[in-house]
Amino acid sequence: MAVRPLVLDDDRVLPTDPAVRAVAREIFGAVRDLPLISMHGHVEASVLADDEPFGDPAQLLVVPDHYVTRMFVSQGVRLEELGVPRRDGGPVETDGRAIWRKFCSGWHLFRGTPSRFWLEQELHDVFGVNVQPSDETADAIYDQIAACIARPEFRPRALFDRFKLEILATTDAPASTLDAHAAIAASDWDGRVVPTFRPDALVHLNRPTWKRDVEELGDVAGTAVDTYAGFLAALEQRREHFKRLGALATDHGHTTADTTPLDRADAERIYAAALAGSVEQAAADAFSAHMLFEMARMSRDDGLVMQIHPGVLRNHHGGVHDAFGPDRGFDIPLPVDFTRGLHPMLSAFGTDPGFRCVVFTIDETTYSRELAPLAGVYPSMRLGVPWWFLDSPHAMRRFREAVTETAGFYNTAGFVDDTRAFASIPARHDLARRVDSGYLAQLVTNGQLGLDEAVETAVDLSTTIPREAYAPR
Amino acid sequence: MAVRPLVLDDDRVLPTDPAVRAVAREIFGAVRDLPLISMHGHVEASVLADDEPFGDPAQLLVVPDHYVTRMFVSQGVRLEELGVPRRDGGPVETDGRAIWRKFCSGWHLFRGTPSRFWLEQELHDVFGVNVQPSDETADAIYDQIAACIARPEFRPRALFDRFKLEILATTDAPASTLDAHAAIAASDWDGRVVPTFRPDALVHLNRPTWKRDVEELGDVAGTAVDTYAGFLAALEQRREHFKRLGALATDHGHTTADTTPLDRADAERIYAAALAGSVEQAAADAFSAHMLFEMARMSRDDGLVMQIHPGVLRNHHGGVHDAFGPDRGFDIPLPVDFTRGLHPMLSAFGTDPGFRCVVFTIDETTYSRELAPLAGVYPSMRLGVPWWFLDSPHAMRRFREAVTETAGFYNTAGFVDDTRAFASIPARHDLARRVDSGYLAQLVTNGQLGLDEAVETAVDLSTTIPREAYAPR
Amino acid sequence: MAVRPLVLDDDRVLPTDPAVRAVAREIFGAVRDLPLISMHGHVEASVLADDEPFGDPAQLLVVPDHYVTRMFVSQGVRLEELGVPRRDGGPVETDGRAIWRKFCSGWHLFRGTPSRFWLEQELHDVFGVNVQPSDETADAIYDQIAACIARPEFRPRALFDRFKLEILATTDAPASTLDAHAAIAASDWDGRVVPTFRPDALVHLNRPTWKRDVEELGDVAGTAVDTYAGFLAALEQRREHFKRLGALATDHGHTTADTTPLDRADAERIYAAALAGSVEQAAADAFSAHMLFEMARMSRDDGLVMQIHPGVLRNHHGGVHDAFGPDRGFDIPLPVDFTRGLHPMLSAFGTDPGFRCVVFTIDETTYSRELAPLAGVYPSMRLGVPWWFLDSPHAMRRFREAVTETAGFYNTAGFVDDTRAFASIPARHDLARRVDSGYLAQLVTNGQLGLDEAVETAVDLSTTIPREAYAPR
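Residues numbered from 1 in each chain as written. Chains lettered and ligands numbered in written order. Predicted model: local features only at pLDDT ≥ 70, side-chain atom pairs only at ≥ 80, totals over all residues. Heavy atoms only, no water.

Topic: the overall build of chain A
Part 1 of the argument: Tallying secondary structure elements over chain A gives 21 helices and 9 strands in all.
Part 2 of the argument: Taken over the C-alpha trace, chain A has a radius of gyration of 23 Å; the compact-globule value for 473 residues is 23 Å, and the two agree within 12%.
Part 3 of the argument: Buried residues in chain A amount to 64% of all 473 residues.
Part 4 of the argument: In chain A, of all internal contacts separated by at least 6 residues, the share reaching a separation of at least 24 is 76%.
Part 5 of the argument: Measuring between centres, the 47 positive side-chain charges of chain A sit 2 Å from its 69 negative side-chain charges. (Helix = DSSP H or I, 4+ residues; strand = E, 2+ residues; numbered from the N terminus. Rg over C-alpha atoms; globule rule 2.2 N^0.38 Å. Buried < 20%, exposed > 50% of the residue type's maximum accessible area, 1.4 Å probe, protein only. Contact = heavy atoms within 4.5 Å. Lys, Arg positive; Asp, Glu negative; His and termini not counted. Charge placed at Lys NZ, Arg CZ, Asp CG, Glu CD.)

And the structure:
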């Protein structure tokens, strides 16, 4: 097979119709170099606190990216071959070059996927690669990236500045001491890296680690957590700690969107039962729903923006979870009932000026049916943009087409990259800006919007809207 | 900010591809001036019976339009500031000019929404406005509209004629005496304004007003309603009254699509319990479903076309409902199960030449999965076009793309504007005709349909099909 | 009405944008003449074993095609008028010419439908018709087709060869002796016609014919089926027989996607109860789900590829079913829960190299939410392409847009025509290749894919991928 060049079309993903493309180009030109606001992601703060060089190319681009590894798994490759560590410490591939060759040999699997878009742009723009991955080019690309990451200008902070990151939000457990965030704040580097409060492990009573996690929470908070009241106090204490280190938001992943509150006595009883080690599934589910409501109450009180993204059945394949742990590509979406699920929370806090929530989904059916009607009327709610499986050209376009007509642009919340892959952040924002520019360009070309309005809207979607959506209340 | 001109692109919303647009223009040209058939709306007959001048611009275009007010509410504006009356008579803004200024200051919120399209066309075509609303232009536009509506040619009947309304159907409670309709019929004006029979308040036993409503029904019908048999007789009597005043259809908004009939004894028992003031929710739901089946039976017997639009959780925010009543933008859609829900009704009447139903949804997932397959085989069923949140360019396009391939064009039912905003009726029909012309133009351009067939189909969608769909059976 | 010519646009269904169309043409040119791989259909093997001339034009193109007859039914035509036989032997139209005239008079009903596309291409390319059906042209077209089918080059085998069918899979009951397949294999004709094992009637205990079917199974298998163990043994024996006659796959239509296995004792108990004639609906449903799991186990053991297509409420109108039997257009889709439903099966076999399943849906909501995430990670699963109501231009395009970004191209399974209408097979594959070429062309034109990669992918979708998807494991 001939070596294929890796060339980035400057108009990539923009509409193909020449008249629309010309307008899209103009709109995109106004936003492509704006700073990046990354309010929802999974980069570890320690990466920027330590500022050490990244590992080898496979460790940087393949091993930790479950978008990439799941595609190989779907074609019969074992996670061991891709260097994904086993929980039992069993043998896995450790040779970065071998993993990289495997990756390059499956490059065709990514045709039409956003991973292809992100990786191409990352290889080309960050590392200067100009041939496509293949069996023939694997070694040369590996060497080129390895040479880059050994250089100081490819260290995390240098890339952060080069990427024009205005702010980067991490995702952190309540018991985290946030030492890395403190270290960054105390350093002479002025990058803004803020924590996000994610209490999922503490509100799902049936997780095997729950008791250990809640004890750790108590220890860090310096609060007795042997009662429900103590548990709430510990959470409130940690939220304050997060706020002191810059946190703007919380983050909540639940199986359903249920936010039905419990009577205080029921919550206390279920919490006590869980501590005693005997909670039933229905009670655990009721407690999870109750805690979403309580978290909304706390957000109303302390001003942290509440991010909610329900509807995923985690660890669909038990065997893979046992061997490799969570986040291995086997989390599969479910239908979500937002209309009824969010009803208690929005009835209580949805028109309260002190409360702000941002709601995400991977159940697209809820866009036009539920989320746009809700975000289009509740002042406390903003509609989160497409994320995870939907962070892709067609899905982002479907999002705008499905929600704008009901909720407009100004009830959405700005792009979130949600990534563990630090070097992919610019490509992800770039793609979203291209899709939004294309959508706006169509409104201009078919006479629904003025070009100046479209440019203004594109700028707002990139910066004004996310800044406002996550502003302290 | 500079004043932006309000110019209507003659090709607005038509496809952007030049070849497709040229065809769409030709198709649209054949239908843009056809008369308007408005079979489903919420304009009050008294407006046309009295033929008084409209109120001030805010009362005409802002206050009663929940599409407009909800968008402001979503951005933190209170309904009081928009002049929406409180149920307790508490203070709200009464200065039309102040409300209008608030409206103009939020014009950007409507970018990409159908409200923007309708309002632009209404401002421009009906009132001759040629600048976009903004803080700078608010007063001038207000004055211009106010001057118009003081003139005789802007009175309701004059606009009705100018709009080329062939027929306008209103929505009316069964106990309505329909005096306004009778007055119009008795007048020397020849506009056709017909009532529509909407019995929702009477078939949902758990509504607080149910007992009062059913007593009122009995009074108006001159029938004792203290038994279920009397209740049915009163409904039948009112349907006859509606038919005498020109009614062609009934209209049914339910939470679900369930049409399961009850045994006569069960229906009698539940009805008696409701009269006694003690009906449980499950029994009330079963009675609602049963009454949909009964209404289908009555339609089969008297030939009124039955319009069904299930799947909305009304008054999602209790506080807003308590303060301002229903229809304030807080009605949120739900998923609907048409396949199982309509099964009893369609099994009983779906192939009966005497029965016709038109089924609407705001759950788009049912278009290709349920409604097109049902409408594509049951002769008694027509598929209602997009309505409410879906009455918009992308949503209307998605409708045609989702249903035509299974149900064709001739099992759909023609555009319904469903509006309270009388002056927006032409813009709404115009938009639908543009979208349908664009869809047909694509079929022509990609070789699936002849241009002459496309023109014929567009004309049928605008006039022939709705006339046939609502023709007495 | 003037006679309309029937001309096939060589670019039909390709994108309208000239730049995209030029690319699409190039891609389509590489695949339009590739052989047809028809892995899932309903043509009877006896048609090719007997190789008799087809019946009259109505019997060939109208009477057996429920896509065509349901459209007429939806407009008030009775199935009797279309010659569909009644179960009670009651009178139906038998004059082929009369049926054909009825069909031609409703040609406009098919505007925008895939039936129109298929029929046009079939009439034009197979039978040389060059005018559109209408009242005026009905007789001439009838005569032209009738003259064709009397000629030897229009016999089934001749058409099979002319259509370039590489393989044709039929659908067969487990008790079928497959004599027609054996006859074809023993003949001097080298067309490849293979059976597919469809055990639905045997695993749904509540079907009225179940007991008779299971006894017939025992007779043919030569196995006592008075125990559950004997039932399984009989099924395994038949699968082996099917494999000997070339079968590559099994086929399973269930109401839900549930694959929860039962304890052996429960399965035995329910089976015994069914034999005794007293199984409850819940037990029957549990048994159906259990049998899907068991069929997966057998597939893992014998290598037959398992095709699953759940989510249809069959025979929605009882009266039509009573009068005319199944498959009359009254099968209506339901929502499907694949994430939870397939969980037991995929947890057990989803990473087993010996197992392969292909999963189909007509609930489009599951494409991006469930099926693409599942097929994008489980190596044993391939995602079936759009089928039945979704085998149409817009629906096929939506499929690629919804699943490619998550699952890529190489986790899908290749086009299936699923047809009873033998002469429509080429048109169906042609349409799918056009849609896929258009989709790929857009990726090329907007800079996401190289043209050489797009051509390679189109070829893979047409031949490599279906061959691999159905290859014995």
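Considerations on the domain arrangement of chain A
Residues and elements named next belong to chain A.
Part 1 of the argument: Here chain A is described as being made up of domain 1 (18-52 + 155-469) and domain 2 (53-151).
Part 2 of the argument: One C-alpha centre belongs to domain 1, the other to domain 2, and the line joining them spans 27 Å.
Part 3 of the argument: Counting residues at the interface gives 33 residues for domain 1 and 22 residues for domain 2.
Part 4 of the argument: Summing both sides of the interface, domain 1 and domain 2 together bury roughly 2500 Å²; the carbon and sulfur share of this comes to 64%. (Domains from an automatic or database assignment. Buried area = accessible area lost by both parts, 1.4 Å probe.)

Section: the interface of chain C and chain A
Part 1 of the argument: Contacts between the two partners involve 43 residues from chain C and, on the opposite side, 47 residues from chain A.
Part 2 of the argument: The contact between chain C and chain A buries some 3800 Å² in all, and 52% of this surface belongs to carbon and sulfur atoms.
Part 3 of the argument: Counting across the interface, chain C meets chain A through 6 salt bridges.
Part 4 of the argument: Taking the shortest distance from any N to any O, the salt bridge between Arg 116 of chain A and Glu 453 of chain C comes out at 2.9 Å.
Part 5 of the argument: Inspection of the region where chain C meets chain A yields 29 residue pairs in polar contact (both at pLDDT 80 or more). (Salt bridge = Lys/Arg side-chain N within 4 Å of Asp/Glu carboxyl O. Polar contact = N/O pair within 3.5 Å; in protein donor to acceptor, adjacent residues only side chain to side chain.)

Let's talk about the packing of aromatic side chains
Part 1 of the argument: According to the stated counting rule, one finds 81 aromatic pairs over all chains in the structure shown.
Part 2 of the argument: Three or more aromatic residues link up through ring pairs in this structure, and these residues are Phe 72, Trp 100, Phe 103, Trp 107, Phe 110 and Tyr 142 of chain A.
Part 3 of the argument: Over the ring of Phe 324 of chain C we find Arg 86 of chain C, and its NZ or CZ is 5.4 Å from the ring centre. (Phe/Tyr/Trp six-rings, centres within 6.5 Å; stacked < 30°, edge-to-face > 60°. Lys NZ or Arg CZ within 6 Å of the ring centre and 35° of its normal.)

A word on the relation of the copies chain C and chain A
Part 1 of the argument: The transform that puts chain C on chain A rotates by 120° and translates by 0.0 Å along the axis, for an RMSD of 0.0 Å. The two molecules are tied by a three-fold rotation axis, judged by turn and shift. (Least-squares fit on C-alpha atoms with pLDDT ≥ 70 in both.)

Let's talk about the packing of helix α12 (residues 228-244) of chain C against helix α13 (residues 264-275) of chain C
All names here are of chain C.
Part 1 of the argument: The contact between α12 and α13 brings their axes to 9 Å, and the two run at 90°. As summarised for this structure, α12 and α13 are arranged roughly perpendicular, according to the angle between their axes. Of the residues in α13, those in contact with Tyr 228, Ala 229, Phe 231 and Leu 232 of α12 are Arg 264, Ala 267, Glu 268 and Tyr 271.
Part 2 of the argument: Each residue belonging to the contact of α12 with α13 can be placed in one class, and the counts come to 6 nonpolar, no polar and 2 charged. (Axes fitted to C-alpha atoms, helices over the stretch in contact; angles between N-to-C directions. Parallel < 35°, antiparallel > 145°, perpendicular 65-115°, else oblique. Nonpolar A, V, L, I, M, F, W, Y, C, P; charged D, E, K, R; others polar.)

Thoughts on the environment of Val 68 of chain A
Residue and element names in this part refer to chain A.
Part 1 of the argument: Along the chain, Val 68 turns up in helix α4 (residues 66-73).
Part 2 of the argument: For the pair Val 68 and Phe 103, spaced 35 residues apart in sequence, the C-alpha to C-alpha distance is 8.5 Å.
Part 3 of the argument: With residues near it in sequence (within four places) discarded, Val 68 still touches Leu 61, Val 62, Phe 103, Phe 110 and Leu 119.

Regarding the sheet that holds strand β8 (residues 357-359) of chain C
All names here are of chain C.
Part 1 of the argument: Spatial strand order, β4-β5-β8-β9: 4 strands in an open sheet with parallel pairing. Each having just a single partner strand, β4 (249-252) and β9 (381-383) make up the two edges of the open sheet. The mean angle between the axes of side-by-side strands here comes to 20°, regardless of whether they run parallel or antiparallel.
Part 2 of the argument: Sheet strands touched by helix α18 (residues 365-375): β8 and β9. Its angle to β9, the strand with the most contacts, is close to 135°. (Pairing = 2+ DSSP bridges.)

Considerations on the interface of chain B and chain C
Part 1 of the argument: Between chain B and chain C, the residue contacts involve 43 residues of the former and 47 residues of the latter.
Part 2 of the argument: Interface area, chain B with chain C, both sides summed: about 3800 Å², of which 52% is carbon and sulfur.
Part 3 of the argument: In this assembly, chain B and chain C are joined by 6 salt bridges.
Part 4 of the argument: A salt bridge links Asp 452 of chain B to Arg 4 of chain C, with the shortest nitrogen-to-oxygen separation between them at 2.7 Å.
Part 5 of the argument: Between chain B and chain C we count 29 residue pairs in polar contact (both at pLDDT 80 or more) in total.
Part 6 of the argument: Listed by contribution, the elements that provide at least two residues to the side of chain B that touches chain C are α16 (338-341), α17 (343-349), α18 (365-375), α19 (393-407), α20 (425-445) and α21 (451-469) of chain B.
Part 7 of the argument: If you tally residues by element for the side of chain B that touches chain C, the top one is α18 of chain B, at 7 residues.

Focus: the packing of helix α12 (residues 228-244) of chain A against helix α14 (residues 281-302) of chain A
All names here are of chain A.
Part 1 of the argument: Where α12 contacts α14, the two axes come as close as 12 Å, and the packing angle between them is 45°. Taken together, the axes of α12 and α14 are oblique relative to one another. The handedness of the crossing between α12 and α14 is right-handed. Contacts from Tyr 228, Phe 231, Leu 232, Leu 235, Glu 236, Arg 239, Glu 240 and Lys 243 of α12 reach α14 at Phe 287, His 290, Met 291, Glu 294, Met 295, Arg 297, Met 298, Ser 299 and Asp 302. (Left-handed = near helix turned anticlockwise from the far one by under 90°.)

A word on helix α4 (residues 66-73) of chain C
Since the α-helix turns once every 3.6 residues, residues separated by three or four places project in the same direction.
Part 1 of the argument: Counting buried positions along α4 of chain C yields 8 of 8 residues, so the element is predominantly enclosed.
Part 2 of the argument: Taken residue by residue, α4 of chain C has His 66, Tyr 67, Val 68, Thr 69, Arg 70, Met 71, Phe 72 and Val 73 of chain C as its buried positions.
Part 3 of the argument: Lining the buried residues of α4 of chain C we find α19 of chain B together with α3 (57-61), α5 (96-105), α6 (114-126) and α20 (425-445) of chain C.
Part 4 of the argument: The opening residue of α4 of chain C, the one whose side-chain oxygen lies 2.9 Å from the backbone nitrogen of Tyr 67 of chain C, is Asp 65 of chain C.

So, the pairing of strand β5 (residues 305-308) of chain A
Residue and element names in this part refer to chain A.
Part 1 of the argument: Covered by surrounding structure in β5 are Val 305 and Gln 307 together with Met 306 and Ile 308, the residues of both alternating faces.
Part 2 of the argument: The pairing of strand β4 (residues 249-252) with β5 spans 4 bridges and is parallel. Across the sheet, Asp 251 pairs through a bridge with Gln 307, a residue of β5.

Regarding the pattern of salt bridges
Part 1 of the argument: According to the stated counting rule, one finds 126 salt bridges over all chains in the structure shown.
Part 2 of the argument: For the salt bridge of Asp 139 of chain B with Arg 97 of chain B, the shortest nitrogen-to-oxygen distance reads 3.3 Å. A residue pair is termed long-range when its members are at least 10 positions apart, and Asp 139 of chain B in helix α7 (residues 138-149) and Arg 97 of chain B in helix α5 (residues 96-105) qualify at 42 residues.
Part 3 of the argument: In this structure Asp 139 of chain B comes out as partly exposed when scored by relative accessible area, which is 29%.
Part 4 of the argument: Here Arg 434 of chain C and Asp 430 of chain C are joined by a salt bridge, their closest N and O atoms 2.6 Å apart. Linking Arg 434 of chain C with Asp 430 of chain C, this pair stays in helix α20, spanning 4 residues, or about one helical turn. Each member of the pair Arg 434 of chain C and Asp 430 of chain C is classed as buried.

Topic: the sheet that holds strand β1 (residues 36-38) of chain C
Residue and element names in this part refer to chain C.
Part 1 of the argument: Ordered in space as β1-β2-β3, the 3 strands form an open sheet in which the pairing is parallel. Every other strand in the sheet has two partners, leaving β1 and β3 (193-194) as the edge strands with one partner each.
Part 2 of the argument: Taken together, the 3 bridges between β1 and strand β2 (residues 165-169) define a ladder with parallel strand orientation. Residue pairing across strands places Ile 37 opposite Ile 167, the latter belonging to β2.
Part 3 of the argument: The strands that α20 touches are β1 and β2; relative to β1, the one it contacts most, it runs at about 105°.

Thoughts on unusual backbone geometry
Part 1 of the argument: Backbone geometry at Lys 164 of chain B places phi at a positive 60°, although glycine is not the residue there.
Part 2 of the argument: Tracing the chain through its elements places Lys 164 of chain B in the loop between α8 (156-162) and β2 (165-169).
Part 3 of the argument: The exposure class of Lys 164 of chain B is partly exposed, given its relative accessible area of 43%.
Part 4 of the argument: Phi at Leu 178 of chain C is positive, roughly 60°, even though this residue is not glycine.
Part 5 of the argument: For Leu 178 of chain C, a relative accessible area of 2% corresponds to the buried category.

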